[in-house]
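Here is what each chain is made of, one letter per residue.
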Amino acid sequence: MGAVAKLTFYGGVGEIGGNKILVEDRDARVWLDMGAPFDLGEEYFVEFLQPRDRFGLRDYFALDLMRRIPGLYSSESLDPTDMAWEPPAFSAIFITHVHYDHTQQLRFVDPNIPVHLGEGARTILESLDTTARAPFLKLGTHAYQTFRSGQGTTVDGLEVEPIHVDHSAPAAYGYLVHTSEGTIAYTGDLRHHGPKKALTEDFITAAAAAKPIVLITEGTRVTPDDPRGTLTEADVKADAIRLLTPLKEKLAIVTFPGRDVDRIRTFFEAAQAVGRKFVVNAKTAHLLLTLQKDTHIAVPDVTRENDLILFDRLMRKTDPWEKELQAKLKDRVVTAEQIAARPSDYLVQLDFWHLPELVDLRPPPGSPFIHSKSEPFEEDDVNDAVLQHWLDRFGLQRHQLHASGHLSEREVGEMIRTIDAKAVMPVHTQHGERFTQLARRVVQPIRFEPMTVG
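Fair warning: this is a prediction, and the values are worked out from it, not measured in the lab.

Asks: Which parts of the structure should I look at to understand the overall build of the protein?
Replies: Along the backbone of the protein there are 13 helices and 20 strands. Its C-alpha atoms give the protein a radius of gyration of 23 Å, within 12% of the compact-globule value 22 Å for 454 residues. Split into buried and exposed, the 454 residues of the protein put 56% on the buried side. Long-range pairs, those at least 24 residues apart, make up 69% of the contacts in the protein with a sequence separation of at least 6. A total of about 19,600 Å² of accessible surface is found on the protein, and carbon and sulfur atoms cover 50% of it.

Given below as C-alpha cells:
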C-alpha cells in the first residue's frame, strides 16, 4: 500500500444514515461507523417479510444490498453464502454513537476486529442487545474497546482521537483522524441546541485547531425546507408542562425514541412537575438500570424514584431480563387496569408497537398524545396513518413536541466556517448539493470509489 491516504464511502452518500466510511493510510485500514441505511432493502422487504436471519449474508449478497468486502465479515455470516471467510483485514472500527444507522452492520462483522466506542455507548449497546426481541437488532459479541473524550488511540500507525458531541443519543463522539496527509475531521451526528451543547463546541474547537484537510460532516437538516422544528430540549420540557398542567382529569401519553436518554429525563421531570408518575416500558427501564454503571450519564434511578414506574403489559411470555426487572422494582410496577382506574395520576410511555394497550388503558376522550419524535418524512407514511386511526378511535389529541438530534442548515454552515477545513465532504444528507452554499470547496463523496485525501 502506498503512503497516499484514501477514503472510501460504503454508505451515508446521498442518504440519511448508513454511515460506513473506510480510511486507509499506510498499514492502517480503519472504518468510521458500521451503519445500515434506514431504507436498506425496502424494495424487497416489508414488515414481516425480511432477509432470512439463519442464512447470514446470503440474501443481502444475492440482492446486492451489501458489498462483498474481504476480511470484514464473520465466518458465521459467510458460511451460508458463496463467499469464503478470510482472516480480518482491518485495523479497527470506530463507532460515533449507538443509533441503528451507525452500528447495525456490526452484527455481520468478524468478532476479532476491535470496535472502539465511548464507555457509555458500550453500556447502552449491552442493554439493547439484552432487550431486543428481533434477531436483526442484536449486534452480538465484539472486541469492544472503550474510551473517554480526548483519549486518542493509535491503530497500525494511525492516530484516531475521539471528541464528544451532543446528540439525541448519549455518549456520542466525532473523530479527528490524523493521517500522513493531514487530519480528517468526522462529525458523526451532532446538534447545538441540546442540554450538552458545550460538548459540540468542544468538538468544533478541537477540529478547528487540528486544521483539517477534510471535514466529513452530516447534513441531516441541510435541506430546502427543514421539517424538524428548532425546539431545544428545554423547550420540549416547558411545553409539555404547559400542555399537561390544565388537563387534570385526562390520561397523558407520550412516545419518543427509545435510546434518547435526554428525552427520558425530560418527560420524567415534566411528569414530576405536574404531579404525575412517569410510566415507562421494560426496555426503557432496563436501559436506565444499565446506565447506572456509567457515572458520566446522569439518569433517573429507576430503583429509587417513586415517581418512575414500570408498565407491565401482561405478556404471555416474560423474558428473563424482564422478570428480573419486575422483581427489582417490586411494588413499582403498574398494569393498564390500574392506570385506567386513575388516569390523572400518570404519564405513560407508549411505543407505536404497543398501541393496542389503549384498549385496556381506556383514556378519557381528549387525553393528550405527545408525539416526541421527528415528523414522518413522507406525506403518505403508512405507520403515521395507522397511528392517527388509533388516536381518532380513542379521541386522543395529538401534540408534536420534539427537539432534533441534528444541527440546522445555518449551524452546519457556521461549523464549516469555524473549522475551516480545506475541503468538505457531506454525508448523512439528501441534499449534498446545498453544501456549495455553505463551504468554499465541496467534494461530493462517490459510493464505493476510493478517493485520495490530499
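Right, picking up where we left off after that structure.
Asks: It is not clear to me how the pattern of salt bridges should be interpreted in this structure. Could you clarify?
Replies: Between side chains of opposite charge, a pair can form when the charged atoms approach closely. Applying the stated criterion across every chain yields a total of 26 salt bridges. The salt bridge partner of Glu 233 is Arg 263, with a shortest N-O separation of 2.8 Å. Taken together, the residues Glu 233 in helix α6 (residues 233-244) and Arg 263 in helix α7 (residues 261-273) connect sequence positions 30 residues apart. For the pair formed by Glu 233 and Arg 263, the shared burial category is buried. Connected via shared salt-bridge partners are Asp 166, Arg 191, Glu 233, Asp 260, Asp 262, Arg 263 and Arg 265.

Asks: Sorry if this is basic, but what is going on with unusual backbone geometry here?
Replies: Most peptide bonds are trans, and most residues other than glycine sit at a negative phi. Even without being a glycine, Glu 47 presents a positive backbone phi close to 45 degrees. With respect to the helices, strands and loops of the structure, Glu 47 is situated in the loop between β3 (28-32) and α1 (58-62). When its relative accessible area of 47% is taken as the criterion, Glu 47 is described as partly exposed. Phi angles above zero are rare outside glycine, and Phe 448 is one such case at about 65 degrees. Looking at where Phe 448 falls in the secondary structure, it is placed in the loop between β19 (423-427) and β20 (451-452).

Asks: Just to check I follow, could you spell out α7 for this structure?
Replies: One full turn of an α-helix is made of 3.6 residues, so residues set three or four places apart face in the same direction. Taking 1.5 Å of rise per residue, the 13 residues of α7 would be expected to cover 18 Å, and the 18 Å separating its terminal C-alpha atoms lies within 8% of that figure. Most of α7 is tucked away: 10 of the 13 residues are buried. Among the residues of α7, Val 261, Asp 262, Arg 263, Ile 264, Arg 265, Thr 266, Phe 267, Phe 268, Ala 270 and Ala 271 are the ones counted as buried. Residue Asp 260 occupies the N-cap position of α7, its side-chain oxygen lying 3.2 Å from the main-chain nitrogen of Asp 262. Downstream of α7 by one or two residues, Gly 275 has phi in the positive range, about 70 degrees.

Asks: Looking at this structure, I do not really get the pairing of strand β12 (residues 252-255). What am I missing?
Replies: Here is the key point about a regular strand: its side chains alternate between the two faces of the sheet. Of the two faces of β12, the one lined by Ala 252 and Val 254 and the one lined by Ile 253 and Thr 255 are each fully buried. In terms of strand pairing, β12 meets strand β16 (residues 346-349) through 3 bridges, oriented parallel. Across the sheet, residue Ile 253 finds its bridge partner in β16, namely Val 348.

Asks: For this particular structure, what's the right way to read the sheet that holds strand β9 (residues 172-179)?
Replies: One key point about sheets: their strands pair by backbone hydrogen bonds, in either a parallel or an antiparallel sense. Within the open sheet, the 6 strands sit side by side as β7-β8-β9-β10-β11-β19. Their pairing is mixed. Both edges of this open sheet fall to β7 (153-155) and β19, since each of them pairs with a single strand only. Across this sheet, the average inter-strand angle for adjacent strands is 20 degrees, counted without regard to direction. Looking at chain direction, strand β8 (residues 158-165) and β9 are connected through 7 bridges and run antiparallel. What sits directly across from Val 160, in β9, is Val 177. Against the sheet, helix α5 (residues 197-209) makes contact with β8, β9 and β10 (182-186), and its axis sits at roughly 145 degrees relative to β8, the strand it touches most.

Asks: How should the pairing of β3 be read in this particular structure?
Replies: In terms of burial, β3 is a largely internal element, 4 of the 5 residues being buried. Inspection of the sheet shows strand β2 (residues 20-25) paired to β3 by 5 bridges, in the antiparallel sense. Note on β3: the bridge partner recorded for Val 23 is Val 30. Relative to strand β4 (residues 92-94), β3 runs parallel, the two being bridged by 3 bridges. Paired with Leu 32 across the strands is Phe 94, a residue of β4.

Asks: For this particular structure, what's the right way to read the environment of Phe 268?
Replies: With respect to the helices and strands, the residue Phe 268 is situated in helix α7. Residue Phe 268 is classed as buried on the basis of its relative accessible area, which comes to 4%. Sequence separation between Phe 268 and Thr 200 is 68 residues; the distance between their C-alpha atoms is 25 Å. Apart from residues lying up to four places away in sequence, Phe 268 is in contact with Phe 278, Pro 300, Glu 305, Asp 307 and Leu 308.

Asks: Looking at this structure, how should I read the sheet that holds strand β1 (residues 6-11)?
Replies: Spatially, the 7 strands line up as an open sheet ordered β6-β5-β4-β3-β2-β1-β20, and their pairing is mixed. Strand pairing shows two members of the sheet lacking a second neighbour, β6 (143-147) and β20, which therefore form its edges. Relative to β6, strand β5 (residues 114-118) runs parallel, the two being bridged by 5 bridges. Bridged to His 116 within β6 is Gln 145. Docked against the sheet, helix α4 (residues 119-131) engages β5 and β6, running at close to 105 degrees with respect to β5.

Asks: Would you explain the side chain of His 193 in this entry?
Replies: Position of His 193 relative to the elements: it lies in the loop between β10 and α5. A polar contact is formed between the side chain of His 193 and the backbone oxygen of Ser 404, at a distance of 2.6 Å. The residues touching His 193, leaving out its near neighbours within four places in the chain, are Arg 221, Leu 231, Thr 232, Glu 233, Ala 403, Ser 404, His 406 and Glu 411.

Rules of the game
- Residues numbered from 1 in each chain as written.
- Predicted model: local features only at pLDDT ≥ 70, side-chain atom pairs only at ≥ 80, totals over all residues.
- Heavy atoms only, no water.
- Helix = DSSP H or I, 4+ residues; strand = E, 2+ residues; numbered from the N terminus.
- Rg over C-alpha atoms; globule rule 2.2 N^0.38 Å.
- Buried < 20%, exposed > 50% of the residue type's maximum accessible area, 1.4 Å probe, protein only.
- Contact = heavy atoms within 4.5 Å.
- Areas by Shrake-Rupley, 256 points an atom, 1.4 Å probe, with all protein chains shown as cover.
- Salt bridge = Lys/Arg side-chain N within 4 Å of Asp/Glu carboxyl O.
- Expected span 1.5 Å × (residues − 1).
- Polar contact = N/O pair within 3.5 Å; in protein donor to acceptor, adjacent residues only side chain to side chain.
- Pairing = 2+ DSSP bridges.
- Axes fitted to C-alpha atoms, helices over the stretch in contact; angles between N-to-C directions.

Treat this as a map of the structure, not an account of what it does.
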